[in-house]
Structures are given as C-alpha cells and as structure tokens.
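Structural overview
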Amino acid sequence: AQSVTQLDSHVSVSEGTPVLLRCNYSSSYSPSLFWYVQHPNKGLQLLLKYTSAATLVKGINGFEAEFKKSETSFHLTKPSAHMSDAAEYFCVVSGFTSGTYKYIFGTGTRLKVLA
Amino acid sequence: DGGITQSPKYLFRKEGQNVTLSCEQNLNHDAMYWYRQDPGQGLRLIYYSQIVNDFQKGDIAEGYSVSREKKESFPLTVTSAQKNPTAFYLCASTMAGSDQPQHFGDGTRLSIL
C-alpha cells in the first residue's frame, strides 16, 4: 500500500529566508511523486514531479525537491521565500494499485510568509 | 489554451435537492477524477473514470453519482443522500500512466442553504 505524510500542517517563514516543506512516503515499489501548490479557492497547480530520472528535481517558481530513497522522503525547498509563495502545498504519491493508477494526497502544509 | 473548466464556481443546495457539478476538459485526457476537499483533510477521491462509459467508485462515493458519456465531460451529481455535502470539489484529468501528473480545474464550492 502507498501512503504519504506531510510532517507539518503549518510553516511560517520570513520573506527572503529559505523554505522547507517536508514529505515522507511509503510505497512497495518505485513511486512517482509530485508537489502541488493551491492558492485560496483555486485548483492545484503542479510545481514539480519525480519519475526516477533524477533525484534532484527542479520545478517552477524556484522550487526544487530531492528524492531520498533511504529516508523515503521528498522534501520541497526554495532558497528565498516570496510573499506570493503563501499558499497550501500538497505532496502526492502515485502508483499502479488494484488494476489502476491512483494518486494519494498528503493532508497539506499551509505556508505563511511574513513581511 | 487547453485546460479543465469547472462550473459553477459557487453552488447552494437546498435540503432534499440533487445538484450537478460540471467538469469539461479539452486536453484530450483519458482519465478524469472527482475529489472532495475539506479543511485539514487533503483531497479524497469520490469517483474516477479511465475511459468513456466506464467509471469506478473512489474512497467516498456514497451519496454521489457520475456519468462519462463523452471523453471531454465528467459531471458529478451530489444527491440528497449525501448528508454533509458542504465542501470544495475538484475535478482533475490525466493521460494514462502513473508518472503523468494530474491537471486540475479551479473547483466548485458547494454549500447548504
């Protein structure tokens, strides 16, 4: 069975400081992993995806994530937070289960950026 | 531009009423999904469809129904049997294959009058 855990429900950072949003996953085989961002009353927008090509994945808006198999982690980072980064972030694992592809969502991390 | 269109953006339901949420995509995607989002609970899968005229229940299908008569369209009906329908509903689509990310619409917020 697959699962994903976002370790922090809320994260606050000052503008210009680094961002770290943590995600651990569980999968019985090599998973595909994604990070999405959601602004209020909007849908989810893909930030980046990991599909086994490279362990360090670069995404949009300066975000990147590193896949660490030994730690079963896929943490999202950004060197310098901007006010526009304030949003909710979701870590997602996908895989083939019971004859179909399914996407398992974490419960989300709300990022607050302080001026 | 290709994308997913959900309508309406806001919807109000009276007691005992069925309401239908629309989801249309022009991405030529095979698979479509409906999710329910409640605060602090992430996204929970209601129904999904991988081909026309076929769909499967997700984790919380009770009180909901869907149809997939066209590849582009996957409407969701919230029936009167769903006793707690107040939530944000998101439609998504994707090409076949587990390494393909989902594309999302902008959601419909459903409330009870």
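Scroll up for the structure.
Residue positions are counted from 1 within each chain, in the order its sequence is given. All chains are assigned letters beginning at A, and all ligands numbers beginning at 1, according to the order in which they are written. Local features in this predicted model are restricted to residues of pLDDT 70 or higher, and side-chain atom pairs are both shown and tallied only at a pLDDT of 80 or more, whereas totals for entire chains, interfaces and linings draw on every residue. Side-chain descriptors were evaluated using all non-hydrogen atoms of the structure, hydrogens and water having been removed beforehand.

1. Section: the overall build of chain A
The condition is simple: Put simply, DSSP marks the helices as runs of H or I at least four residues long and the strands as runs of E at least two long, and each gets a number from the N terminus on. Only C-alpha atoms enter the radius of gyration; for comparison, a globular chain is expected to reach 2.2 Å times N to the power 0.38, where N is the number of residues. In this scheme, a residue with accessible area under 20% of its type's maximum is buried, one over 50% is exposed, and one in between is partly exposed, where area comes from a 1.4 Å probe on protein chains only. Note on contacts: a residue pair qualifies if any of its non-hydrogen atoms lie within 4.5 Å across the two residues. Positive: Lys, Arg. Negative: Asp, Glu. His and the chain ends are not part of the count. The location of each charge is read from NZ of Lys, CZ of Arg, CG of Asp or CD of Glu.
Check the secondary structure of chain A and you find zero helices and twelve strands. Reading chain A from its N terminus to its C terminus gives the helix and strand order β-β-β-β-β-β-β-β-β-β-β-β. Computed over its C-alpha atoms, the radius of gyration of chain A comes to 14 Å, within 12% of the 13 Å expected for a compact globule of 115 residues. For chain A, the C-alpha atoms occupy an extent of roughly 45 × 30 × 20 Å along the three principal directions. Counting all 115 residues of chain A, 43% fall into the buried class. Residue pairs in contact within chain A that sit at least 24 positions apart in sequence constitute 56% of those at least 6 positions apart. In chain A, 10 side chains carry a positive charge and 7 a negative one; their mean positions are 7 Å apart.

2. With respect to the overall build of chain B
This is how the line gets drawn: Reported accessibility uses the Shrake-Rupley method at a 1.4 Å probe radius. Residues are deemed covered only where the shown protein chains occlude them.
Counting secondary structure elements, chain B contains zero helices and eleven strands. Along chain B, helices (α) and strands (β) appear in the sequence β-β-β-β-β-β-β-β-β-β-β when read from the amino end. Here the C-alpha atoms of chain B give a radius of gyration of 13 Å, agreeing with the 13 Å that 2.2 N^0.38 yields for 113 residues. Viewed in the frame of its principal axes, chain B has a C-alpha envelope of about 40 × 25 × 25 Å. Across the 113 residues that make up chain B, the buried fraction comes to 48%. In chain B, the proportion of contacts linking residues at least 24 apart, taken out of those at least 6 apart, comes to 53%. Roughly 5,400 Å² of accessible area belongs to chain B as shown, and the carbon and sulfur atoms make up 47% of that amount. One way to put it: in chain B the 11 positive side-chain charges average out to a point 8 Å from where the 12 negative ones average out.

3. Thoughts on the environment of Ile-51 of chain B
All names here are of chain B. Take Ile-51: it is sitting in strand S5 (residues 43-51). Judged by its relative accessible area of 51%, Ile-51 falls in the exposed class. A C-alpha to C-alpha distance of 7.2 Å links Ile-51 and Lys-71, two positions 20 residues apart in sequence. Residues in contact with Ile-51, not counting those within four places in the same chain, are Asp-30 and Arg-68.

4. Some details on a nonpolar patch on the surface
Defined as follows: Residues forming no salt bridge and having over 30% relative accessible area are the ones grouped into patches, like charges within 9 Å of each other and nonpolar side chains (Val, Leu, Ile, Met, Phe, Trp, Tyr) within 5 Å. Note on definitions: salt bridges are taken to be side-chain nitrogens of Lys or Arg within 4 Å of carboxyl oxygens of Asp or Glu.
There is a patch of nonpolar side chains on the surface, built from Tyr-10, Phe-12 and Leu-113 of chain B and spanning about 360 Å² of accessible area. Relative to the helices and strands, Phe-12 of chain B resides in strand S2 (residues 10-13).

5. A word on the nonpolar core
Selection rule: In plain words, nonpolar cores are sets of buried Ala, Val, Leu, Ile, Met, Phe, Trp, Tyr and Cys residues tied together by side-chain atoms within 4.5 Å.
Counting residues in each nonpolar core, the largest one holds 26 residues, and the members touching the most others are Trp-35, Phe-74, Leu-76 and Tyr-89 of chain A. In contact with Phe-74 of chain A, not counting residues within four places along its chain, are Cys-23, Leu-33, Phe-34, Trp-35, Leu-48, Tyr-50, Val-57, Ala-65, Glu-66 and Phe-67 of chain A. Grouped together as the second largest cluster of nonpolar side chains are 19 residues, Leu-11, Met-32, Trp-34 and Val-78 of chain B included.

6. Quick notes on the sheet that holds strand S1 (residues 4-7) of chain B
All names here are of chain B. Formally: Whether two strands pair comes down to DSSP finding at least two bridges between them. Lines fitted to C-alpha atoms define the axes here, with helix axes fitted over just the stretch in contact, and angles between the N-to-C directions of these axes take values from 0 to 180 degrees.
The four strands lie next to each other as S1-S3-S8-S7, forming an open sheet whose pairing is antiparallel. Two strands in the sheet have a free side with no partner beyond their single neighbour: S1 and strand S7 (64-66). Strand after strand, the sheet turns through a mean of 20 degrees between neighbouring axes, direction not considered. Summarising the sheet, strand S3 (residues 19-25) and strand S8 (residues 76-78) pair through three bridges and their orientation is antiparallel. Within S8, the residue paired with Thr-20 across the bridge is Thr-77.

7. Focus on unusual backbone geometry
Residues and elements named next belong to chain B. Pro-8 follows Ser-7 through a cis peptide bond whose omega is -10 degrees. On the secondary structure map, Pro-8 appears in the loop between S1 and S2. Unlike most non-glycine residues, Asn-28 shows phi in positive territory, near 60 degrees. At Asn-53, a position not held by glycine, the phi torsion is positive, near 65 degrees. By the secondary structure assignment, Asn-53 is in the loop between S5 and strand S6 (54-57).

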